[in-house]
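Residue-level structural notes
For reference, the chains in residue letters:
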Amino acid sequence: MTAERILKYPGFLYELKGTHYFLGKWICKECTDENAADCVFMYRMSRQAKEEPETKMYFQKIRAYADFALEVPYNPAKINADLNALLDGLSDAEMNALFRQMDGFEEDYRKYCGEI
């Protein structure tokens, strides 16, 4: 169910086990871009402080980083396999942390991008 939930949306950057990953319907890839990871920190800080303009800006920046990280050609079987392998390696606590991140993403996606 978690994989289906992730694959429903375009890419976003999530932190799992201290590493950032681009996850979404077209991507499952470790993030090595420090600027993108810094945006996640600023996004979370702005979101927690309820600073709406900054939260929106960082949300959109993270979405852009995810789009630029897409690989051609698109390989849905590899993305699905990589995502399931990543999720299978998460502990219950790590999975709960991912759920919280996904909840925030979905809320902000509806707010800034409309319903999916």
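In what follows, the structure referred to is the one given above.
The following refers to the structure shown. (Residues numbered from 1 in each chain as written. Predicted model: local features only at pLDDT ≥ 70, side-chain atom pairs only at ≥ 80, totals over all residues. Heavy atoms only, no water.)

Attention now goes to the packing of helix 2 (residues 34–48) against helix 3 (residues 52–68). Helix 3 packs onto helix 2 with a crossing angle of 150° between their chain directions and a minimal axis gap of 8 Å. Considering their axes alone, helix 2 and helix 3 lie roughly antiparallel with respect to each other. Relative to helix 3, helix 2 is oriented so that their crossing is left-handed. Residue-level inspection shows Asn35, Ala36, Cys39, Val40, Met42, Tyr43, Ser46 and Arg47 of helix 2 in contact with helix 3, the latter providing Glu54, Thr55, Tyr58, Phe59, Lys61, Ile62 and Tyr65. Taken together, the residues of the contact of helix 2 with helix 3 sort by class into nine nonpolar, three polar and three charged. (Axes fitted to C-alpha atoms, helices over the stretch in contact; angles between N-to-C directions. Helix = DSSP H or I, 4+ residues; strand = E, 2+ residues; numbered from the N terminus. Parallel < 35°, antiparallel > 145°, perpendicular 65-115°, else oblique. Left-handed = near helix turned anticlockwise from the far one by under 90°. Contact = heavy atoms within 4.5 Å. Nonpolar A, V, L, I, M, F, W, Y, C, P; charged D, E, K, R; others polar.)

Turning to the environment of Ser91, a few remarks are in order. Structurally, the position occupied by Ser91 is in the loop between helix 4 (76–88) and helix 5 (92–113). Classification of Ser91 as partly exposed rests on a relative accessible area of 34%. (Buried < 20%, exposed > 50% of the residue type's maximum accessible area, 1.4 Å probe, protein only.)

Across the sheet, three strands lie side by side as 1-2-3; this open sheet has antiparallel pairing. A single partner strand is all that each edge strand has here, and the edge strands are strand 1 (12–16) and strand 3 (27–30). Taking each pair of neighbouring strands and ignoring which way they run, the sheet shows an average axis angle of 25°. Bridge count between strand 1 and strand 2 (residues 19–24): five bridges; the pairing is antiparallel. Residue pairing across strands places Leu16 opposite Thr19, the latter belonging to strand 2. The sheet contacts of helix 3 involve strand 1, strand 2 and strand 3, and relative to strand 1 the element is tilted by about 90°. (Pairing = 2+ DSSP bridges.)

These figures come from the coordinates and say nothing about function on their own.
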